[in-house]
Amino acid sequence: MSMDGVIFITYIAVLLVIGLWFSRKSSESTENYLLGGRSLGPAVTAMTMQTTAMSGYMFMGAPALAFKYGWYALWYAIGDAGGSIINLSVLGKRMRRMSELLGALSPIEYLEKRFESASVRVIGSIIAIVFLFAYVCAQFIAAGKAMATLTGFPYELSLVIGISVIIIYTVAGGYLAVAYTSFVQGIIMVTGVVGIGFLAYFHVGGISGLNTALAQIDPTYLSIWGKDLAFYGQWGVVLGAILIFGIGYMGLPHVVVRHMSMQSTKTVKGAILISAIWNQFFIYVPYILGLIGIILLPNLADPEMVITELAYTLFPGFFAALLLSAVMSAVMSTADSLLMQAGTILSRDVYQRFINKNASQKTTVLVSRLCILGGGLVGIAVAIYEPPSIFGLAVFAFGTLGNSFLVPYVASVYSKKANALGCLCAMIGGAMTNIIWTSMELETITAVHPFLAGLTVSLIGMIIGSRFGRKPSQPILNIFEQSTNKRFFSKEFDQNIARSLAPEAKNISSFLSQETDRHSGIYS
Amino acid sequence: MFNLPAETFWWLVPWPFIWVGLALVLYVKLKREDEKENDR
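Owing to the predicted nature of the structure, the values given are computational and were not obtained by experimental measurement.

1. Here's the deal with the overall build of chain A
Now for step 1: A tally of regular secondary structure across chain A gives 22 helices and 0 strands.
Now for step 2: C-alpha extents for chain A along the principal axes are approximately 75 × 55 × 50 Å.
Now for step 3: Expressed as a percentage of the 524 residues in chain A, the buried residues total 58%.

2. A word on the overall build of chain B
Now for step 1: Regarding its fold elements, chain B presents 2 helices and 0 strands.
Now for step 2: Dimensions of chain B, computed from C-alpha atoms along their principal axes, come out at roughly 55 × 10 × 5 Å.
Now for step 3: Scored against the burial criterion, the 40 residues of chain B give a buried share of 12%.

3. Description of the UniProt feature "transmembrane region" (unreviewed entry) in chain B
Now for step 1: Per the UniProt record, "transmembrane region" (unreviewed entry) is found at residues 12–30 of chain B.
Now for step 2: Each end of residues 12–30 of chain B is marked by a C-alpha atom, and these two atoms are 28 Å apart; helix forms 89% of the span and strand 0%.

4. Topic: unusual backbone geometry
Now for step 1: Of note, A:Glu441 is a non-glycine position whose phi angle comes to about 50°, a positive value.
Now for step 2: Relative to the helices and strands, A:Glu441 resides in the loop between helix H18 (420–439) and helix H19 (442–446).
Now for step 3: A positive phi is found at B:Asn3, a non-glycine position, where the angle reads about 60°.
Now for step 4: Along the chain, the position of B:Asn3 falls in the segment before helix H1 (6–12).

5. Notes on the interface of chain A and chain B
Now for step 1: Contacts between chain A and chain B engage 27 residues on the former and 22 residues on the latter.
Now for step 2: At the level of elements, helix H5 (74–102), helix H9 (206–217) and helix H12 (267–282) of chain A are the ones that each hand at least two residues to the side of chain A that touches chain B.
Now for step 3: Element by element, the count of residues in the side of chain A that touches chain B is highest for H12(A), at 8 residues.

6. A word on the packing of helix H8 (residues 155–203) of chain A against helix H13 (residues 284–296) of chain A
Residues and elements named next belong to chain A.
Now for step 1: Where H8 meets H13, the closest approach of the two axes is 10 Å, and the angle between their N-to-C directions is 35°. For the pair H8 and H13, the sense of crossing is left-handed. The residues of H13 that touch H8, namely those facing Val-193, Val-194, Ile-196, Gly-197 and Ala-200, are Val-285, Pro-286, Ile-288, Leu-289 and Ile-292.
Now for step 2: Here the contact of H8 with H13 is built from residues that sort into 9 nonpolar, 1 polar and no charged.

7. A short note on the nonpolar core
The nonpolar side chains of a soluble globular protein tend to be buried with one another.
Now for step 1: Core analysis: the biggest nonpolar cluster contains 181 residues, and A:Tyr135, A:Phe140 and A:Ala143 have the highest contact counts within it.
Now for step 2: The leading source of residues in this core is H8(A), at 20 residues.

8. Here we look at H9(A)
Residues and elements named next belong to chain A.
Now for step 1: The terminal C-alpha atoms of H9 lie 17 Å apart, and with 12 residues this matches the ideal 16 Å at 1.5 Å per residue to within 8%.
Now for step 2: The complete set of buried residues in H9 reads Leu-210, Asn-211 and Leu-214. All buried residues of H9 project into a common sector of 95° when viewed along the axis, lining one side.
Now for step 3: Where H9 is buried, its residues meet H13.

9. Some words on helix H20 (residues 450–468) of chain A
Now for step 1: The end-to-end C-alpha distance of H20(A) is 27 Å, a good match for the 27 Å that 19 residues give at a rise of 1.5 Å each.
Now for step 2: Looking only at H20(A), the buried set comprises A:Pro450, A:Phe451, A:Leu452, A:Ala453, A:Gly454, A:Leu455, A:Val457, A:Ser458, A:Gly461, A:Met462, A:Gly465 and A:Ser466.

10. Comments concerning the environment of A:Tyr110
All names here are of chain A.
Now for step 1: As for its position among the elements, Tyr-110 is in helix H6 (residues 107–115).
Now for step 2: For the pair Tyr-110 and Val-257, spaced 147 residues apart in sequence, the C-alpha separation works out to 9.7 Å.
Now for step 3: Apart from the residues lying within four places of it in its own chain, the contact partners of Tyr-110 are Ser-99, Leu-102 and Ala-104.

11. Notes on the environment of A:Gly61
Residues and elements named next belong to chain A.
Now for step 1: Mapped onto the elements of the fold, Gly-61 is located in helix H4 (residues 57–69).
Now for step 2: Look at Gly-61 and you get buried, because 22 C-beta atoms sit within 10 Å.
Now for step 3: Along the sequence, Gly-61 and Leu-459 sit 398 residues apart, while their C-alpha atoms lie 29 Å from each other.
Now for step 4: Leaving out residues up to four positions away in the same chain, Gly-61 has contacts with Glu-304 and Val-395.

12. Remarks on the confidence of the model for chain B
Now for step 1: The predicted model of chain B has a mean per-residue pLDDT of 91, with 98% of residues at 70 or higher.
Now for step 2: At the level of chain-chain contacts, confidence expressed as ipTM amounts to 0.94, with global pTM at 0.83.

13. So, the environment of A:Ala73
All names here are of chain A.
Now for step 1: On the secondary structure map, Ala-73 appears in the loop between H4 and H5.
Now for step 2: A tally of 24 C-beta atoms within 10 Å means that Ala-73 is categorised as buried.
Now for step 3: Beyond its immediate stretch of four places on either side in the chain, Ala-73 contacts Leu-65, Ala-66, Tyr-287 and Gly-290.

14. Observations concerning the packing of H8(A) against helix H16 (residues 361–385) of chain A
All names here are of chain A.
Now for step 1: Running from N to C, H8 and H16 point in directions that differ by 165°, and their axes come no closer than 10 Å. With respect to H16, the axis of H8 lies roughly antiparallel. The two elements H8 and H16 cross, and the hand of that crossing is right-handed. Counting all contacts with H8, which are made through Glu-156, Leu-159, Val-160, Ile-163, Ile-167, Thr-170 and Val-171, the residues of H16 involved are Arg-369, Ile-372, Leu-373, Gly-376, Gly-379, Ile-380, Ala-383 and Ile-384.

About the criteria used
- Residues numbered from 1 in each chain as written.
- Chains lettered and ligands numbered in written order.
- Predicted model: local features only at pLDDT ≥ 70, side-chain atom pairs only at ≥ 80, totals over all residues.
- Helix = DSSP H or I, 4+ residues; strand = E, 2+ residues; numbered from the N terminus.
- Buried ≥ 20, exposed ≤ 12 C-beta atoms within 10 Å, placed from the backbone.
- UniProt positions renumbered as here; feature names shortened; annotations may be inferred.
- Contact = placed C-beta atoms within 7 Å.
- Axes fitted to C-alpha atoms, helices over the stretch in contact; angles between N-to-C directions.
- Left-handed = near helix turned anticlockwise from the far one by under 90°.
- Nonpolar A, V, L, I, M, F, W, Y, C, P; charged D, E, K, R; others polar.
- Core = buried A, V, L, I, M, F, W, Y, C linked by C-beta atoms within 7 Å.
- Expected span 1.5 Å × (residues − 1).
- Arc of directions from axis to C-beta.
- pLDDT = per-residue confidence, 0-100.
- Parallel < 35°, antiparallel > 145°, perpendicular 65-115°, else oblique.

Below, the structure written as structure tokens:
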């Protein structure tokens, strides 16, 4: 068997082992299955947040953008490279505290409980499921294509094998499997990209050599305004390019859930540092490889294949296999999180909330697993059909999710006045603006990026809606205060209380759990 | 500087250093907050 095959099979085996390893622990409770029992430390939180955020787009869309526009594409990279720092420092501590105080296990359930409105959950679930599913399909297609290139198998067979692996470890191990496989995938991604970047760097004579060669082809490749100065003076487009990845992640349910699953608020500081360092090594390189592609692959027909072509034509062997495993890692780490989140919303926010309110923990975990399995199978069917514009739809889905949920999540922890009406206006206004702006191509007329337009409308919606709607109740205001404060009692007091009550609490908890299961058995 | 126009260099190149610097500042700030919280 070739080197490529051995590396890839080892990689797949590691993912499956992780999934099966966590399957027992995940089955213990709904919180364990959907949130990993809120037990993730800083390194895993940082890596799972970043690998979830960095999809197949980083290996296909990003280099293609640089290949097309030159250094202008780096505007997207600089926002992206700081995204995790902003995300964790703005939402991290407060959202971790508030989600636990509210007892929320999904990011949509969190919004309903914070804004005290079932409508928020209904609208939020619809937006999230539709756009997460579009995003999942795009990742599945990218996974099938990457695996077909790597193994030489037909696209359909590659798709079924690659996605089956994702489905098996996600269904079996739940959130913990998704988080820990992301950790492994994060290491593979950064190793692959840095390795190939290092080789390519010397191939073109460093950054200076690269720029000299680019200037000889067309000096505007070096401009911040894009090739042929396509975006000259359009600061609205540039600002949107920075913000979409700089702050957009705060609106993605599958990324936001990472705040809720942290071990404690103390996890935030380590996660910020680790993710910031990982970002600086990883994020710029795919764009630089796109620039290198302009010189080394001038006749390339499909710019999205820059990295694949560079790997196989210039650096065959070990590095090519490593890089293509990195591509698969990027795709799979995003696809599993999307699938997990879609399954969580269907089981927790639809089934348990509206269909079977008294579902036991065992039933909820089973329904979650079935939803993930069902979502995965439908995703495979759509991906085999391969809708033509699905990759563009993924970018559109990202922007729409960001515009729908960013303002509500940030307002939920920073504004006492933010209420249900404000949340609904922000979600609907943001989503609709992005949809209209993109479909009518208003960016070319207004020189304003769709994300910036959606963000502005969403923010205005939250401010105006919160002025007129029903005020948050006193219990919610109390929880809000608690989430902004640190500790109500001294450390010693907390420890003594916990120590004294631990045996009783454990007995009560196990008794209640047995009773709940017994009763659900009687009534079912 | 890397054969880039000055405008491109100054707009794009400093960002990795700014982000790592900001992450370090936030790490120290949050560490102090955590320590204070422990001492309360």
